[in-house]
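# Residue-level structure breakdown
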Amino acid sequence: MQPAFRGRWGAPALTAFTLTMTTPLEAAAQTNQELLRAMRSMEQRILQLEHKVRTQDELIETLRNTEDTEGAARAAGSASGDPASPATVQPASASPATVQPASASPATVQPASASPATVQAASAWPATVQPASAPWSPSQPIPLLSGSRGYLNLSLVGIVDAGWSTRRDPTRIQLGDHDPIRRGFSLPSEELVLEGAVDPYFRAAASIVFHLDEHNQTEVELEELFLVTTSLPWNLQLKAGQFLAEFGRVNQQHPHAWDFVDVPLIAGRVLGPEGLRNPGARLSYLLPTPFYAELALAVHNSEGGKAYSFRNEEALFGRDADVGDPHSAGDLLYVPRLASSFEVGDEHTVLAGVSGAFGPNASGHDTDTQIYGFDLYWKWKPVSHDGGFPFLAWQTEAMVRRYEAGQVVDLGLPRQTLEDYGVYSQIVYGPARRWVTALRGEWVDGDHGASPSDESTARRVRISPNLTFHPTEFSKVRLQYNYDHSAALESDHSLWLQTEFLLGAHAAHRF
Amino acid sequence: MRGVTIAKTNSLLARLARGPLLTLLLALAPADASPADRPRVVATTPDLAAIVRAVGGDAVAVTSLARAGEDPHFVDPRPSFVSTLNRADVLVEGGASLESGWLAPLVQNARNARIVPGAPGYVAAATGLTLRDVPASLDRAMGDVHPQGNPHFMLDPVAARQVAANIAAGLCAADHSRCGEHSARLKSFQTDLDARLSAWQARLAPWKGTRIVTYHNGLDYFAARFGLVVAGTLEPKPGIAPPPAHLTGLVATMRAQGVALVVVESYRERRNPDFVAQSSGATLVSLSTMPDGDGANAYTELLEEMIASIVTALERRPK
């Protein structure tokens with residue numbers, strides 16, 4: 001029906017063009033009337049034509065079915081006896097020699113590029129799935145792009161947030177850089193993703209994020225750019241570039257994979273507003289166990305805001321920051337992780353991990369930070385599901401930060417080790433296709449630095465229910481309420497509406 | 001003195017080895033490590049696994065990632081699949097993007113050069129098939145269209161015939177010593193399928209041209225092969241959940257065209273199909289579209305069951 005559809009809009013446009021050329025301006029209203037009438041009659045005509053085409057299509061389909069049935073029956077009948085019939089020219093079955101050519105090009109999906117053996121098979125057997133030799137009909141798609149794949153997958157993930165908070169400046173309570181950060185509208189993370197195979201040995205990905213800051217200025221950042229090996233021996237895999245550190249669960253996820261509009265408090269506090277990510281390299285080893293177990297060690301640069309609890313220009317716990325230059329390999333940031341997964345019965349999958357992040361911080365001489373994390377993800381999904389629904393997922397992460405804070409003589413702050421910690425736990429339930437509802441509870445607390453009323457270390461509790469509607473897996477609309485209570489800021493209420501879309505290649509889901 | 005110490009250590013080690021350590025090591029060792037001579041074949045869906053069993057017989061060990069009764073578009077990429085793929089000698093996937101929502105990262109993380117696209121152990125089942133509904137342009141406004149065309153070709157026995165040949169080629173590439181065996185089994189599978197196909201078509205011949213409505217475009221190949229006409233789908237476009245307005249229109253079309261059956265995959269929700277069937281006077285048939293069980297004839301048994309359910313439903317309808 002494609003050509004008819006095009007004609008439907010093409011023809012009136014042409015008429016409109018002719019009429020504007022020949023009619024004086026004063027008669028515009030009259031012209032519109034005529035135009036409308038012309039369009040209506042044309043539409044009628046097109047509908048008639050469409051109907052006609054449809055009828056012909058059905059006829060063709062019926063004929064084709066008859067043809068197929070007869071062909072197949074003939075072939076099937078002759079398979080038992082007659083050696084001259086096409087059925088004996090069987091696809092690549094005669095001998096190992098004929099089998100091999102087909103395997104030479106197993107990656108091709110289209111018959112045109114398949115090996116001679118398969119092509120022969122496809123044409124000799126009278127009933128291929130849809131005979132390529134069938135006469136062209138308007139309903140038959142024109143295979144211009146059939147099976148073509150680009151060298152890289154390109155996609156744009158857009159997120160638009162809108163909402164209101166009782167806190168006039170929501171940046172004080174929303175800790176993530178990609179959270180909704182202001183009353184009214186926010187564009188927190190507009191992500192351009194390029195991904196693909198470099199050659200038989202490497203894959204590469206880049207994600208370039210645009211977002212509007214609190215003054216509506218566009219900020220561009222290279223969120224990730226990395227190379228990952230595909231064919232190292234001994235179950236090893238090496239990744240190099242800038243990438244989200246494999247610490248816990250939420251830190252590895254891009255905002256569009258989150259189950260909430262904002263980052264959990266504990267992640268915002270200890271891994272930082274931008275998440276823990278810095279230039280570095282990671283080596284991972286897939287253990288040869290019958291269950292899934294993966295051990296990874298990453299080394300990252302330890303300076304800057306993306307290594308928030310480490311050599312960050314921003315002082316933590318009221319200390320002065322002195323970033324300096326790294327003296328030895330010990331001044332880098334080390335992120336080890338062990339993750340393992342197992343299945344409980346047919347319907348439950350558990351994925352658990354322990355992570356660490358160890359490196360120097362900028363608050364003094366020889367001062368280090370250690371962050372420990374534990375994460376658990378438990379998903380129930382029945383064997384029989386429709387579009388991935390229903391499901392129930394429980395996710396919890398706990399983190400502890402041990403920060404060796406340097407001495408500040410002027411302020412009378414001693415050298416001391418400060419600890420803070422927190423946990424979030426969330427339940428995500430998808431009762432039926434398209435609908436997902438979730439509830440998250442959070443708690444963070446710990447030692448205070450210079451001032452007990454410091455917002456960044458005060459005890460905080462947050463409860464966030466939300467409801468998400470997915471028209472398809474390429475778009476979503478989410479409404480979330482946050483009840484927030486901080487020992488430093490009292491209670492706040494926020495309501496956020498988030499819409500998200502994905503244009504382009506659909507990256508596969510990760511567990 | 002020194003010797004004594006060593007002897008002591010040895011005996012301790014030996015005791016440890018016989019005791020809990022050995023148990024632990026055995027528990028940690030890959031469970032399917034013993035049949036080292038049998039190539040391990042991983043199929044993405046149970047229908048492909050069934051064909052692998054038919055062609056490979058006892059010469060291969062087959063695992064399916066998706067399970068029967070599961071919507072194959074939305075399989076959870078469970079981490080254990082990475083470990084399974086890591087040890088695979090052959091990977092059989094559809095090759096028409098049915099698994100695009102979950103397979104690629106698993107294969108990439110499996111670190112197994114034997115099964116990546118282009119390697120001898122990689123089999124795209126659709127190789128050599130001409131698929132239906134290849135989109136003229138890739139436009140998501142048309143729903144979840146796959147660039148290679150409609151990926152539900154496995155319900156057409158003639159396509160399965162070709163898939164079996166592709167799989168035989170893949171198995172042969174993975175283990176040259178068994179090529180003859182695979183060829184023989186392929187031939188008998190195809191001969192058996194040919195005979196059954198004629199019988200199936202004969203069974204459905206009286207119902208030729210019967211109009212059916214399906215949920216998704218998952219039964220198009222099946223319908224075309226057996227002379228049924230798909231008059232519409234509950235989904236307005238592939239992968240788009242049915243909106244009420246579309247269903248109302250569909251019911252009108254069904255009444256006008258005298259649609260006899262609403263055929264849905266067993267894993268689909270039943271509320272909308274029930275509504276459509278009841279309002280239009282059609283009969284609802286819920287079918288398994290993936291073989292369950294690991295017998296050598298699982299695929300032909302599936303088709304047998306599907307045809308039986310459809311014929312039974314048609315026969316029970318008042319004339």
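Parameters and conventions
Residue indices begin from 1 for each chain and proceed along its sequence in written order. Each chain is given a letter, starting from A, and each ligand a number, starting from 1, according to the order in which they appear as written. pLDDT decides what is reported in this predicted model: residues at 70 or higher carry local features, side-chain atom pairs at 80 or more are listed and counted, and totals for whole chains, interfaces and linings draw on all residues regardless. Where helices and strands are cited, they refer to DSSP runs of H or I of at least four residues and of E of at least two residues respectively, numbered from the N terminus. Any pair of residues counts as being in contact when their C-beta atoms, constructed from backbone geometry, are within 7 Å of one another. Three exposure classes are used, based on other C-beta atoms lying within 10 Å of a residue's own C-beta, which is placed from the backbone: buried for 20 or more, exposed for 12 or fewer, and partly exposed in between. By definition, two strands form a pair when at least two bridges between them are found by DSSP. Interaxial angle, 0 to 180 degrees, is taken between N-to-C directions of lines fitted to C-alpha atoms, where a helix line uses only the stretch in contact. Each residue carries a pLDDT value, the predictor's own confidence for that position, ranging from 0 to 100. By definition, the arc is the one covered by directions from the helix axis to the C-beta atoms. Each crossing is labelled by how the near helix is turned from the far one, with a counterclockwise turn of less than a right angle marking it left-handed and a clockwise turn marking it right-handed. Residues are sorted three ways: Asp, Glu, Lys and Arg are charged, Ala, Val, Leu, Ile, Met, Phe, Trp, Tyr, Cys and Pro are nonpolar, and all the rest, Gly among them, are polar. To estimate how far a helix should reach, multiply one less than its number of residues by 1.5 Å. Throughout this description, the term nonpolar core refers to a group of buried Ala, Val, Leu, Ile, Met, Phe, Trp, Tyr and Cys residues whose C-beta atoms join them within 7 Å.

### Examining the overall build of chain A
A tally of helices and strands in chain A yields five helices and 17 strands. If you take every contact in chain A between residues at least 6 apart in sequence, the share linking residues at least 24 apart comes to 60%.

### What about the overall build of chain B?
Each helix and strand counted, chain B has eleven helices and eight strands in total. Relative to its 319 residues, chain B shows a buried fraction of 54%. Sequence separation of 24 or more characterises 64% of the internal contacts of chain B that already satisfy a separation of 6 or more.

### Section: the sheet that holds strand β6 (residues 229-233) of chain B
Hydrogen bonds between backbone groups are what pair the strands of a sheet, and the pairing can be parallel or antiparallel. Residue and element names in this part refer to chain B. Taken in spatial order, the four strands of this open sheet run β6-β5-β7-β8, and their pairing is parallel. On the outer flanks of this sheet lie β6 and β8 (283-287), each paired with one strand and no other. The mean inter-strand angle of the sheet, taken between neighbouring strand axes irrespective of direction, is 30 degrees. Those strands touched by helix α9 (residues 244-257) are β5 (211-214) and β6, and its axis lies near 155 degrees from that of β6. Helix α11 (residues 298-316) rests against β7 (261-265) and β8 of the sheet, and its axis sits at about 170 degrees to β8.

### Here's the deal with the confidence of the model for chain B
All names here are of chain B. For chain B, per-residue confidence averages 88 on the pLDDT scale, and residues scoring 70 or more make up 88% of the total. Confidence drops under a pLDDT of 50 for residues 1-34, and excluding neighbours within four residues, the segment shows nine contacts in the predicted structure. Here the predicted complex carries an ipTM of 0.83, next to a pTM of 0.77.

### With respect to helix α10 (residues 271-280) of chain B
Residue and element names in this part refer to chain B. Residues of α10 that are buried include every one of Asn-272, Pro-273, Val-276, Ala-277 and Ser-280, and no others. Taken down its axis, α10 places every buried residue within 130 degrees of arc, on the same side. Across α10 from its buried face, at more than 90 degrees, point the exposed residues Arg-271 and Gln-278. Within two residues after α10, Gly-281 carries a phi angle of roughly 80 degrees, on the positive side.

### Overview of the packing of α9(B) against α10(B)
Residues and elements named next belong to chain B. Where α9 contacts α10, the axes come no closer than 9 Å and their chain directions differ by 40 degrees. Considering how the two elements wind past one another, α9 and α10 form a crossing that is right-handed. Across from Leu-247, Leu-250, Val-251, Met-254 and Arg-255 in α9, the residues of α10 making contact are Asn-272, Phe-275, Val-276, Ser-279 and Ser-280. The class makeup of the residues in the contact of α9 with α10 is six nonpolar, three polar and one charged.

### Looking at unusual backbone geometry
Residue and element names in this part refer to chain A. The omega angle of the peptide bond from Phe-389 to Pro-390 is -5 degrees, so this bond is cis rather than trans. The backbone of Asn-216 sits at a positive phi, close to 60 degrees, despite the residue not being glycine. Backbone geometry at Arg-434 places phi at a positive 90 degrees, although glycine is not the residue there. Note that Arg-434 resides in the loop between β13 (416-432) and β14 (435-446). Residue class for Arg-434 comes out partly exposed when judged on the 16 C-beta atoms lying within 10 Å of it.

### Things to note about helix α6 (residues 157-174) of chain B
With 18 residues, α6(B) ought to run about 26 Å at 1.5 Å a step, and its terminal C-alpha atoms sit 25 Å apart, in line with that. Buried residues dominate α6(B), accounting for 18 of its 18 residues.

### Considering the sheet that holds strand β4 (residues 122-124) of chain B
Residue and element names in this part refer to chain B. Strand order across the open sheet formed by four strands is β2-β1-β3-β4, with parallel pairing between neighbours. Bordering the open sheet on either side are β2 (61-64) and β4, each of which pairs with just one other strand. In this sheet, adjacent strand axes meet at a mean angle of 20 degrees when their direction is disregarded. Bridging between strand β3 (residues 90-93) and β4 involves three bridges; their strand directions are parallel. Counterpart to Glu-93 in the pairing with β4 is Ala-124. Contacts between helix α3 (residues 46-56) and the sheet are confined to β1 (40-43), β2 and β3, with β2 contributing the most and set at about 170 degrees to the helix. Those strands touched by α6 are β3 and β4, and its axis lies near 165 degrees from that of β3.

### Looking at the environment of Glu500(A)
Residues and elements named next belong to chain A. Examined against the element boundaries, Glu-500 turns out to sit in strand β17 (residues 490-504). Judged by the 21 C-beta atoms lying within 10 Å of it, Glu-500 is buried. Sequence separation between Glu-500 and Arg-478 is 22 residues; the distance between their C-alpha atoms is 8.5 Å. For Glu-500, the contacting residues outside a window of four places in its chain are Val-157, Gly-158, Ile-159, His-256, Ser-475 and Lys-476.

### Here we look at the pairing of β14(A)
Remember that side chains alternate between the two faces of the sheet whenever the strand is regular. Residues and elements named next belong to chain A. Of the two faces of β14, the one lined by Val-436, Ala-438, Arg-440, Glu-442, Val-444 and Gly-446 is fully buried and the one lined by Trp-435, Thr-437, Leu-439, Gly-441, Trp-443 and Asp-445 carries no buried residue. Sheet topology note: the β13/β14 ladder contains eleven bridges and is antiparallel. Its bridge partner lying in β14, Ile-427 is registered against Leu-439. Once β13 ends, the chain turns through two residues before running back antiparallel as β14, passing Arg-434 with a positive phi of about 90 degrees. Relative to strand β15 (residues 460-472), β14 is paired through ten bridges, and the arrangement is antiparallel. Counted as the bridge partner of Val-444 is Arg-460 from β15.

### Describing the pairing of β7(B)
Residue and element names in this part refer to chain B. Of all five residues making up β7, five are buried, and the element is well covered by its neighbours. By the alternation rule, side chains of β7 split into Leu-261, Val-263 and Glu-265 and Val-262 and Val-264, which are all buried. The sheet contact formed by β5 and β7 spans three bridges and is parallel. Within β7, the residue paired with Val-213 across the bridge is Val-262. The pairing of β7 with β8 spans five bridges and is parallel. Paired with Leu-261 across the two strands is Thr-283, which belongs to β8.

### Some words on the nonpolar core
All names here are of chain B. Ile-51, Val-52, Val-55, Leu-85, Val-92, Ala-164 and Ile-167 are the most contacted members of the largest nonpolar core, which has 94 residues in total. Per element, the largest residue contribution to this core is 13 residues, and it comes from α6. Discounting residues that sit within four places of it in the chain, Val-52 has contacts with Val-41, Ala-43, Val-60, Val-62, Val-92 and Ile-167.

### Some details on the confidence of the model for chain A
Residue and element names in this part refer to chain A. On average, residues of chain A score 79 in pLDDT, and 74% of them reach the 70 mark or higher. Within the model, the stretch residues 1-23 combines pLDDT values under 50 with 23 contacts to residues more than four positions away or in other chains. Taken as a whole, residues 73-148 scores under 50 in pLDDT and shows 158 contacts with residues more than four places along the chain or in a different chain.

### Digging into the environment of Thr248(B)
Residues and elements named next belong to chain B. Residue placement: Thr-248 occurs in helix α9. Of the residues examined, Thr-248 has 13 C-beta atoms within 10 Å and is grouped as partly exposed. Measuring from C-alpha to C-alpha, the distance between Thr-248 and Ser-280 comes to 9.8 Å, with 32 residues separating the pair along the chain.

### Describing the environment of Ser451(A)
Turning to its location among the elements, Ser451(A) is positioned in the loop between β14 and β15. Linking Ser451(A) and Glu195(A), residues 256 residues apart in sequence, is a C-alpha distance of 46 Å.

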